[in-house]
Amino acid sequence: MIGRLGDIPFEVSFDGKNKKILNFINLKLSGGANYEKHSRKGQKPALEFIDLKTDILTFKMVLRSDFGVDPLELVKKLDLYKNTGETLDFNLGDKPIRSGQYVITSYDAGYEYITNGGKVRKIDVSLTLEEYVELIYKNTDVVIKPKKATKKKSVPQGFNQGMIDRGEA
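Worth saying up front: this structure is predicted, and the values here are computed from it rather than measured.

K.L.:
Describe in detail the environment of Glu-86, supporting the description with residues and values.
P.N.:
Considering the arrangement of structural elements, one finds Glu-86 in the loop between α1 (71-84) and β8 (88-92). We classify Glu-86 as partly exposed; its relative accessible area is 37%. Between the alpha carbons of Glu-86 and Ile-104 there is a distance of 8.1 Å; along the sequence they are 18 residues apart. Contact partners of Glu-86, with chain neighbours within four places excluded, come to Tyr-81, Tyr-102 and Val-103.

K.L.:
Give me the lowdown on the pairing of strand β3 (residues 19-22), citing residues and values where you can.
P.N.:
Remark: a regular strand shows side chains that alternate across the two faces of the sheet. In terms of strand pairing, strand β2 (residues 8-14) meets β3 through four bridges, oriented antiparallel. The residue bridging Phe-14 from the neighbouring strand is Lys-19, located in β3. Counted between consecutive antiparallel strands, the loop separating β2 from β3 contains four residues, among which Gly-16 sits at a positive phi close to 100 degrees.

K.L.:
Requested: an account of the pairing of strand β9 (residues 95-115), with residues and values cited.
P.N.:
In terms of strand pairing, β8 meets β9 through four bridges, oriented antiparallel. Across the sheet, residue Leu-92 finds its bridge partner in β9, namely Lys-95. Hairpin connection of β8 to β9: two residues between the antiparallel strands, including Gly-93 at a positive phi of 65 degrees. Inspection of the sheet shows β9 paired to strand β10 (residues 119-131) by 12 bridges, in the antiparallel sense. Paired with Thr-115 across the strands is Lys-119, a residue of β10. The hairpin formed by β9 and β10 contains three residues between the paired strands, and Gly-117 there has a positive phi angle of roughly 80 degrees.

K.L.:
Please set out the nonpolar core residue by residue, giving values where relevant.
P.N.:
Note that soluble globular proteins tend to have their nonpolar side chains buried in a common cluster. Leu-5, Phe-59, Met-61 and Phe-90 are the most contacted members of the largest nonpolar core, which has 24 residues in total. Among the elements of the structure, β2, β7 (56-64), α1, β8, β9 and β10 are those that each provide at least two residues to this core. It is β10 that provides the largest number of residues to this core, a total of five residues. When near neighbours in sequence (up to four residues on either side) are disregarded, Phe-90 contacts Arg-4, Leu-5, Phe-10, Phe-24, Leu-27, Leu-57, Phe-59, Lys-95, Pro-96, Ile-97, Gly-100 and Tyr-102.

K.L.:
Can you lay out α1 for me, pointing to particular residues and giving the numbers?
P.N.:
Helix length check: α1 (14 residues) gives 20 Å between terminal C-alpha atoms against 20 Å at 1.5 Å per residue, within 8%. Residue Asp-70 occupies the N-cap position of α1, its side-chain oxygen lying 3.3 Å from the main-chain nitrogen of Leu-72. Directly after α1, the chain includes Gly-85, whose backbone phi takes a positive value near 70 degrees.

K.L.:
Kindly report on the sheet that holds strand β4 (residues 24-30), identifying the contributing residues and their values.
P.N.:
Here eight strands make up an open sheet; going across it, the order is β3-β2-β1-β8-β9-β10-β7-β4 and the pairing antiparallel. The sheet is open, and its two borders are formed by β3 and β4, each paired with just one other strand. Shown here is a sheet whose adjacent strand axes are inclined to one another by a mean of 35 degrees, direction ignored. Strand direction decides the pairing type here: strand β1 (residues 3-5) and β8, joined by three bridges, are antiparallel. Looking at β8, one finds that Leu-5 is bridged to Phe-90. Together, β1, β2, β3, β7, β8, β9 and β10 form the strand contacts of α1, whose direction differs from that of β10 by roughly 25 degrees.

K.L.:
Could you give an account of unusual backbone geometry, naming the residues involved and the relevant values?
P.N.:
One non-glycine residue, Asn-26, lies in the positive phi region at around 55 degrees. Position of Asn-26 among the secondary structure elements: in strand β4.

K.L.:
Mind laying out the pattern of salt bridges, listing which residues take part and the relevant values?
P.N.:
Per the stated rule, a full pass over the model turns up seven salt bridges. Of the charged contacts in the structure, one is a salt bridge between Asp-66 and Arg-64, with a shortest N-O distance of 2.6 Å. You can call Arg-64 partly exposed: its relative accessible area is 26%. When the shortest N-O distance is used, the salt bridge between Asp-124 and Lys-122 registers 4.0 Å.

Cut-offs applied
- Residues numbered from 1 in each chain as written.
- Predicted model: local features only at pLDDT ≥ 70, side-chain atom pairs only at ≥ 80, totals over all residues.
- Heavy atoms only, no water.
- Helix = DSSP H or I, 4+ residues; strand = E, 2+ residues; numbered from the N terminus.
- Buried < 20%, exposed > 50% of the residue type's maximum accessible area, 1.4 Å probe, protein only.
- Contact = heavy atoms within 4.5 Å.
- Pairing = 2+ DSSP bridges.
- Core = buried A, V, L, I, M, F, W, Y, C linked by side-chain atoms within 4.5 Å.
- Expected span 1.5 Å × (residues − 1).
- Polar contact = N/O pair within 3.5 Å; in protein donor to acceptor, adjacent residues only side chain to side chain.
- Axes fitted to C-alpha atoms, helices over the stretch in contact; angles between N-to-C directions.
- Salt bridge = Lys/Arg side-chain N within 4 Å of Asp/Glu carboxyl O.

Shape descriptors only; they carry no functional weight alone.
The following block contains the structure:
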């Protein structure tokens, strides 16, 4: 086995009668970091490391019915993974790539070869996966303070804050 994305195995096999070829090409891993740039008068700006960006994986697959793969069924499965936000392990051999947990953020499926009756024979798929990092909340107790009790004060009858008493009667 070449690898696995969730429960989709990448493999090349032939038992004398049946062949199954499902592989990927152009696997690319990209990652990055976030920095804050601080300007300094008369000097180059200083960079301050803030955090890491999530890793992004992109690759292409050719789904061919003559290679023992049902192209439409596999595209439906990829679509379901994307629509439900299911986290997927991505392994090369038996080893995970980086964190190993990814979600499908997008895909493009090009229906390349269709025969009579609308039978889809070949679909080219480009996938984009993004590293899935679980939210971890630490020390998130929220303290809600009750309102202070306020005392009511009575205002004398006839008191008008805006009125000026000139002593004239």
